[in-house]
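# Analysis of the macromolecular model
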Amino acid sequence: MITKEKIQGIVVATLKDFLDINGIEFEGDITPQTRLIGSGGVFDSMELVNFVVDLEEILEEEFDQEFSLQDERAMSRRRSPFMNVEELTSFILELNEEGE
């Protein structure tokens, strides 16, 4: 079963690994409010794309289903799903519910 807590845990763990592997410095703890893009965000645009690709692969391995996080719908939303960890978690849950 896919829960918010499980998805958020995967997003946070993937984010921590990505930052470490790529030598991206981030001060403080990663929380649901950690900004991924924009002012004070963790990533520039290329880093975000690479992180999302990694996250898609991990989600597919974990749940044996495909998650397309970079589709037109994600990019055209009024509030970006890549704003912070919490928004990304909610977007993944929304995609899962639609896929069931």
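Whatever comes next refers back to the structure up there.
First things first, this report covers the structure right here in the doc. (Residues numbered from 1 in each chain as written. Predicted model: local features only at pLDDT ≥ 70, side-chain atom pairs only at ≥ 80, totals over all residues. Heavy atoms only, no water.)

### Structural notes on the packing of aromatic side chains
How we decide: Aromatic pairing here means that ring centres of Phe, Tyr or Trp (its six-membered ring) are within 6.5 Å. Orientation follows from the plane angle: under 30 degrees is stacked, over 60 is edge-to-face, and everything else is tilted. For each residue, the accessible area found with a 1.4 Å probe, counting protein chains only, is set against the maximum for its type, and the residue is called buried under 20%, exposed over 50%, and partly exposed in between.
The tally for this structure, following the rule as stated, stands at four aromatic pairs. When the ring of Phe 63 is compared with that of Phe 67, the centres are 6.4 Å apart and the planes differ by 65°; the resulting orientation is edge-to-face. Assigned by exposure class, Phe 63 and Phe 67 land together as buried. An aromatic cluster is present here, built from Phe 18, Phe 43 and Phe 51 joined pairwise through their rings.

### Some remarks on unusual backbone geometry
Threshold: By the criteria applied, helices consist of DSSP H or I runs no shorter than four residues and strands consist of E runs no shorter than two, each listed in order from the N terminus.
Despite not being glycine, Asp 64 has its phi angle at roughly 55°, a positive value. By the secondary structure assignment, Asp 64 is in the loop between helix 2 (45-63) and helix 3 (72-76). The exposure class assigned to Asp 64 is exposed, which follows from its relative accessible area of 71%.

### Structural notes on helix 2
Because each turn of an α-helix spans 3.6 residues, side chains separated by three or four positions end up pointing in the same direction. Threshold: Each residue after the first adds 1.5 Å to the expected span of a helix. Directions from the helix axis toward the C-beta atoms define the arc. Note on contacts: a residue pair is in contact if any heavy atoms of the two residues lie within 4.5 Å.
For helix 2, which comprises 19 residues, the first-to-last C-alpha distance of 27 Å matches the rise-based estimate of 27 Å (1.5 Å per residue) to within 8%. Buried residues of helix 2: Leu 48, Phe 51, Val 52, Leu 55, Glu 56, Leu 59 and Phe 63, and no others. For helix 2, the angular spread of buried residues about the axis comes to 145°, placing them on one side. Exposed residues on helix 2 whose side chains face more than 90 degrees from its buried face are Met 46 and Glu 61. Structurally, helix 2 contributes buried residues whose contacts are with helix 1 (4-21) and helix 4 (85-99).

### Focus: the side chain of Gln 8
Here Gln 8 shows up in helix 1. Take Gln 8: its relative accessible area is 19%, and that puts it in the buried class. In contact with Gln 8, not counting residues within four places along its chain, are Pro 32, Val 85 and Thr 89.

### Points about the packing of helix 1 against helix 2
Any two packed helices are characterised by how steeply their axes cross, that is the angle between the axes, and by the distance between the axes. This is how the line gets drawn: Every axis corresponds to a line fitted to the C-alpha atoms, with the helix fit spanning only the stretch in contact, and the corresponding angles, defined between N-to-C directions, vary from 0 to 180 degrees. Convention used here: angles under 35 degrees read as roughly parallel, angles over 145 as roughly antiparallel, angles from 65 to 115 as roughly perpendicular, and any remaining angle as oblique. Handedness of a crossing follows from how the near helix is turned relative to the far one, being left-handed for an anticlockwise turn of less than a right angle and right-handed for a clockwise one. Note that Gly is not counted as nonpolar here; it falls among the polar residues with everything else outside the nonpolar set of Ala, Val, Leu, Ile, Met, Phe, Trp, Tyr, Cys and Pro and the charged set of Asp, Glu, Lys and Arg.
Running from amino to carboxyl end, helix 1 crosses helix 2 at an angle of 135°, the nearest separation of the two axes being 10 Å. By the angle between their directions, the pair helix 1 and helix 2 is classed as oblique. In terms of crossing hand, the pair formed by helix 1 and helix 2 is right-handed. Contact residues: helix 1 offers Lys 6, Ile 7, Ile 10, Val 11, Thr 14, Leu 15 and Phe 18, while helix 2 offers Glu 47, Asn 50, Phe 51, Asp 54, Leu 55, Ile 58, Leu 59, Glu 62 and Phe 63. When the residues that make up the contact of helix 1 with helix 2 are grouped by side-chain class, the tally is 10 nonpolar, two polar and four charged.

### Regarding the pattern of salt bridges
Heads up, the condition is: One side-chain nitrogen of Lys or Arg within 4 Å of one carboxyl oxygen of Asp or Glu is enough to make a salt bridge.
All chains considered together, the criterion is met by four salt bridges. The residue Lys 6 makes a salt bridge to Glu 62 at a minimum N-O spacing of 3.2 Å. On the criterion of sequence distance, the pair formed by Lys 6 in helix 1 and Glu 62 in helix 2 is long-range, its members being 56 residues apart. A salt bridge links Arg 79 to Glu 87; the shortest N-O distance between them is 2.8 Å.

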